[in-house]
Amino acid sequence: MNPNRVLASLAQRGPSLDLSTLDLCFLAALHLRAESAAMTSFSEEQLADVFEQVESVLAAAAEPGQPAKQRRSTHAIRRLREQRMIARVDGAGIVRAGEYALTRLANGIIEFFLEDDTLTRDSLTVLTRSLLVGLGEILTAAKAAHTEEEWRMGVISPLRVTMGDLANGIERRQCGFDLQQEEFQREIAGLLHADWFGAVARCQELLESTSGTLNELNQILLRDTHQLQSLLQDIQEHAAEAGVADAEGAARTVVDQVDRIAAWGSARQRAWSEYYQYVHRYLRDVVRLDPARTLTHRLREHLAGTAGKQFALTLASAPPIRLLREVEIPPEEKPPVRRPRKEREQGLADAPAENPQAILEARVRGALAEGARALGVVTERVIAEVAEEERFVTTGRVAQAVARLGDPEATAERAWVPMQDGLMIEEWTVRVVAEPESQPEKEAS
Amino acid sequence: MSSDGSPRFARLEDVILDEAYPEVDLALRRGRHIDRDDVAWYTFLVDAEDHLEPLYRRFGCELIHRSDGYFYLLPTGDALGKRHLSSGEMLVGQALTLLYLEPSTLEQGGTVTREQVLGHLAGVVGADALVRVMNPKRRKYDERVAQETVRNKVAEALRRLATLGFVEIVEEDRIRLRSALMRFAEPVRGTKAPEAALARLVAEGELVLAEDDSASDSESESESESESESESESESESESESESESESESESESESESEPESVSDPEGGAPS
């Protein structure tokens, strides 16, 4: 799950909560009534009735001149429905009066305020025992499972649902215990504020009882988490042997939860130990030695400059010992940057020019000198020496050279003769009029 | 004491050869207060106290062990260097001591925030008086600049007090108060009149009266004067510094500030 995407989606939906004290009291009253009367839903009349009772309880705090109760209860129900605290469960729309139930969100909020989730020794014992029994059954099912259905029904689903919920229950209760600890620290400070010296005995009593509870909780956690881990490991091994990846994954998730539970225990124990020592020291060194808080008053007066002379504490301040550093040999210097001595680009060199036309003419001249007197014969000889793709062009150039070097005989009808590669040319008869070698000189002159 | 009940150190040589000795010795000589929260060092000092007291006396100083649970070294002669806390450090130290005594600090497990310290100081001393104390040389000042200076000076004092073991900066903003702070309350602690207690402590060399410490205070005053706008920058750095960094800084400061009144043993300060 991508957290950014989840957040973006949440922001897009724009959820917000706006609950007044009256709203919370109303929800709490519904929650308590549902628990006591084992009700799963409320009719509109029941909601209005509960709202009326809540309002009568809060009457002292209510502002004067408020609207009629019925209108306000309707308004409150509408607001709570908009905020998903109450859901209509009958699905009848406007056909008949509705049935309403508290949502999971509302129950969670109310349970938080009612501190229903405080971790006590009893609740922790019950939960961990249930976990142990449940995991034992799952292990048995894992040993006996052969089919996919058996794995799903006997191992995967119980691990994901039952065991996950039980572990969540412990974690939720741990959060409740954290809140209780905060409250406890406030209580000790409040006791000392109210009765500086007289509160010592009560503070020590509180400390002892809380540390006793925490010790017992940790012992249970240490003992039970060890057994839980062992069972889960067995389940994981069976799932791995059977090649059921889902069961292995579900067991791993519960292992992580149990790890978190154990880590919470040790962390709280450590934090509590520090706090315990600090408070004991405080009670011994500060409260018991100064039962009338004279020290605080005198120090406050001194600090305010209304009593006593100002002074300054003397401290030792020896100069630091001078230790010579080890000499570090600097690393070898890098060679200086220089221009390359060799030219990167090679210079141009003179090379004899090649004139393809002259070569062609030499070949034509050679063919004529060897006695060829037909254009077809000359062309055949010359193009046999050139590449295939150049033969078409060369054929034209041969005709030009033959016309210049020889004297083609013009007749009215000229025969077409085939050449290589499907070429055809008009056949000429050629008379040699001059020596082939002297022709270029003559042209030049 | 060792596990079998016999003393941990039979001779001074055993103390000096202990792994903890060099660090503890250096810390004490630099004015550090060592309390029960420094578990290993404190245990070492408790075990070695009988051997170390005569040793340090030869250097002209007393190893003091208070019933509140902390040790420190008090120079009584000139053999070992000494200094006195500045007025700003004293003011902050006393305010922290008051906070240490408050039950509300107990609720937070002995920790306070910088804002709480500033608020407490302003509440006890008064905002105007606080600005005057922290800006002693300036007759006219801009209110905003003066308040900024107060914040910087308080932060600087907190950092120095942390290097001396009076407090511990646990997070950037949170400060754990330690038992050595009770030293600031010594003159007003006993059942005798504070003046008599003050006179006794002055005679013992524990403290000096503000009128008498002009020489020593000049050192810190000159520091104060030299602090300029760049102070805020260095402050922000120093706030995030670890304790060890702070110590090294204070070392360099003391090195440049004070004349070496005594020559320490270059081999680690361990006298033979």
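The name that an unreviewed UniProt entry assigns to chain B is Chromosome partition protein MukE, with the source organism given as Pendulispora brunnea.

Named according to an unreviewed UniProt entry, chain A is Condensin subunit MukF originating from Pendulispora brunnea.

With that settled, consider the pattern of salt bridges. All names here are of chain B. Applying the stated rule across the entire model yields 41 salt bridges over all chains. The partner of glutamate 89 in a salt bridge is arginine 83, and the shortest N-O contact between them spans 3.2 Å. Arginine 83 matches glutamate 89 in its accessibility class, with the two residues each being buried. Here arginine 159 makes a salt bridge to glutamate 156, at a shortest N to O gap of 3.1 Å. Separated by three residues within a single helix, arginine 159 and glutamate 156 lie in helix H8 (residues 143-163), roughly one turn from each other. Note on accessibility: arginine 159 and glutamate 156 belong to one class, buried.

On to the sheet that holds strand S1 (residues 42-43) of chain A, then. All names here are of chain A. The three strands lie next to each other as S1-S3-S2, forming an open sheet whose pairing is antiparallel. Only two strands of the sheet have a single neighbouring strand rather than two, namely S1 and strand S2 (86-88). Pairing geometry for S1 and strand S3 (residues 99-102), over two bridges, is antiparallel. Pairing of phenylalanine 42 across the sheet is with tyrosine 100, part of S3.

Attention now goes to the interface of chain B and chain A. Of the residues lining the interface, 68 residues belong to chain B; the matching set on chain A comes to 41 residues. For the pair chain B and chain A, the summed buried surface comes to about 5100 Å²; carbon and sulfur atoms form 64% of the total. The partner of A:Arg293 in a salt bridge is B:Glu102, with the nearest N and O atoms 3.5 Å apart. The interface formed by chain B and chain A contains 15 residue pairs in polar contact (both at pLDDT 80 or more). It is helix H4 (residues 87-101) of chain B that provides the largest number of residues to the side of chain B that touches chain A, a total of eight residues.

Bringing the nonpolar core into the picture now. The biggest cluster of nonpolar side chains holds 108 residues, and the ones touching the most others in it are A:Leu159 and B:Leu96. The element best represented in this core is helix H9 (residues 245-287) of chain A, accounting for 16 residues. Contact partners of A:Leu159, with chain neighbours within four places excluded, come to A:Leu135, A:Ile138, A:Gly164, A:Leu232, A:Ile235, A:Ala247, A:Ala250, A:Ala251 and A:Val254.

What follows covers the sheet that holds strand S2 (residues 61-66) of chain B. Each strand in a sheet pairs with its neighbour through backbone hydrogen bonds, running either in the same direction (parallel) or in the opposite one (antiparallel). All names here are of chain B. Overall, antiparallel pairing links the three strands, which are arranged S1-S3-S2 in an open sheet. This sheet does not close on itself; its edge strands, each paired only once, are strand S1 (34-35) and S2. As judged from the six bridges shared by S2 and strand S3 (residues 70-75), these two strands associate in the antiparallel manner. Along S3, the bridge assignment pairs histidine 65 with phenylalanine 71. Contacts from helix H3 (residues 39-58) reach S1, S2 and S3, with the element oriented near 145° to S2.

Let's shift gears to the packing of H4(B) against helix H6 (residues 114-125) of chain B. Residues and elements named next belong to chain B. Viewed as axis vectors pointing N to C, H4 and H6 meet at an angle of 100°, and their least axial separation amounts to 10 Å. When the axes of H4 and H6 are compared, the pair comes out roughly perpendicular. Where H4 abuts H6, its residues Leu91, Val92, Ala95, Leu96, Leu98 and Leu99 lie against Val117, His120, Leu121, Val124 and Val125. Of the residues belonging to the contact of H4 with H6, the class tally is ten nonpolar, one polar and no charged.

Right, let's talk about H3(B) for a bit. Residues and elements named next belong to chain B. Here H3 contains 20 residues, and its C-alpha end-to-end distance of 27 Å stays within 8% of the 28 Å for a straight helix at 1.5 Å per residue. At glutamate 49, H3 shows its maximal bend, which comes to roughly 75°. One or two positions beyond H3, positive phi appears at glycine 60, with a value near 75°.

With that settled, the discussion passes to a negative patch on the surface. On the surface, a cluster of negative charge is contributed by B:Glu115, B:Glu171, B:Glu172 and B:Asp173. Counting through the fold element by element, B:Glu171 comes out in the loop between strand S6 (167-169) and strand S7 (174-177).

A few words on unusual backbone geometry. All names here are of chain A. Unusually for a residue other than glycine, arginine 84 sits at a positive phi of about 60°. Looking at the secondary structure, you find arginine 84 in the loop between helix H4 (69-82) and S2. Assessed through its relative accessible area of 58%, arginine 84 is described here as exposed.

Another point: a nonpolar patch on the surface. Residues and elements named next belong to chain A. Among the surface-exposed residues, Phe112, Phe113 and Leu179 lie close enough to one another that they form a single nonpolar patch of about 300 Å² accessible area. Mapped onto the secondary structure, phenylalanine 112 falls in helix H5 (residues 104-114). Phenylalanine 112 gets classed as partly exposed once you look at its relative accessible area, which sits at 47%.

Residue and element names in this part refer to chain A. Position of serine 43 relative to the elements: it lies in strand S1. Serine 43 sits 57 residues away from tyrosine 100 along the chain, and the two C-alpha atoms are 6.2 Å apart. Aside from chain neighbours lying at most four places away, what touches serine 43 is Gly98 and Glu99.

What counts, and where the lines are drawn
- All residue numbers here refer to positions counted from 1 along the written sequence of the relevant chain.
- Chain letters start at A and ligand numbers start at 1, both assigned in the order the entries are written.
- The model is predicted, so local features are restricted to residues of pLDDT at least 70 and side-chain atom pairs to those at 80 or more, both for listing and for counting; the totals for chains, interfaces and linings are taken over all residues.
- Working from all heavy atoms in the structure, the side-chain values ignore hydrogens and water.
- Salt bridge, as used here: a side-chain nitrogen of Lys or Arg that lies within 4 Å of a carboxyl oxygen of Asp or Glu.
- A 1.4 Å probe rolled over the protein chains alone gives each residue an accessible area, and that area as a share of the maximum for its type sets the label: buried under 20%, exposed over 50%, partly exposed in between.
- In this text, helices come from DSSP runs of H or I with a minimum length of four residues, and strands from runs of E with a minimum of two, each type numbered from the N-terminal end.
- Two strands are said to pair when DSSP picks up at least two bridges between them.
- Two residues qualify as a contact provided that any one of their heavy atoms is within 4.5 Å of a heavy atom in the partner residue.
- Put simply, buried area is the surface a 1.4 Å probe can reach on two separate parts but cannot reach once they are joined, added for both.
- Polar contact is the term for a pair of N or O atoms within 3.5 Å; when the atoms are in protein, one must be able to donate a hydrogen and the other to accept it, and sequence-neighboring residues count only if both atoms are side-chain atoms.
- Joining through side-chain atoms within 4.5 Å is the link that ties buried Ala, Val, Leu, Ile, Met, Phe, Trp, Tyr and Cys residues into a set, and such a set is a nonpolar core.
- The axes used here are C-alpha line fits, helices contributing only the stretch in contact, and every angle between their N-to-C directions lies in the interval 0 to 180 degrees.
- Working rule for angles: under 35 degrees goes down as roughly parallel, over 145 as roughly antiparallel, 65 to 115 as roughly perpendicular, anything else as oblique.
- All amino acids are sorted into three groups, where Ala, Val, Leu, Ile, Met, Phe, Trp, Tyr, Cys and Pro are nonpolar, Asp, Glu, Lys and Arg are charged, and the leftover types, Gly among them, are polar.
- In this scheme, a helix's expected span is set at 1.5 Å multiplied by one less than its residue total.
- Two axes are fitted around each residue, one to the seven residues ending there and one to the seven starting there, and the angle between them is reported as the bend at that residue.
- Like-charged residues within 9 Å of one another, or nonpolar side chains (Val, Leu, Ile, Met, Phe, Trp, Tyr) within 5 Å, are grouped into patches, provided each residue has over 30% relative accessible area and no salt bridge.
- Computed with a 1.4 Å probe, the accessible areas rest on the Shrake-Rupley method; for each residue, only the protein chains presented here act as cover.
- Under this rule, positive means Lys or Arg and negative means Asp or Glu; His and the chain ends count for nothing.
- Each charge is placed at NZ for Lys, CZ for Arg, CG for Asp and CD for Glu.

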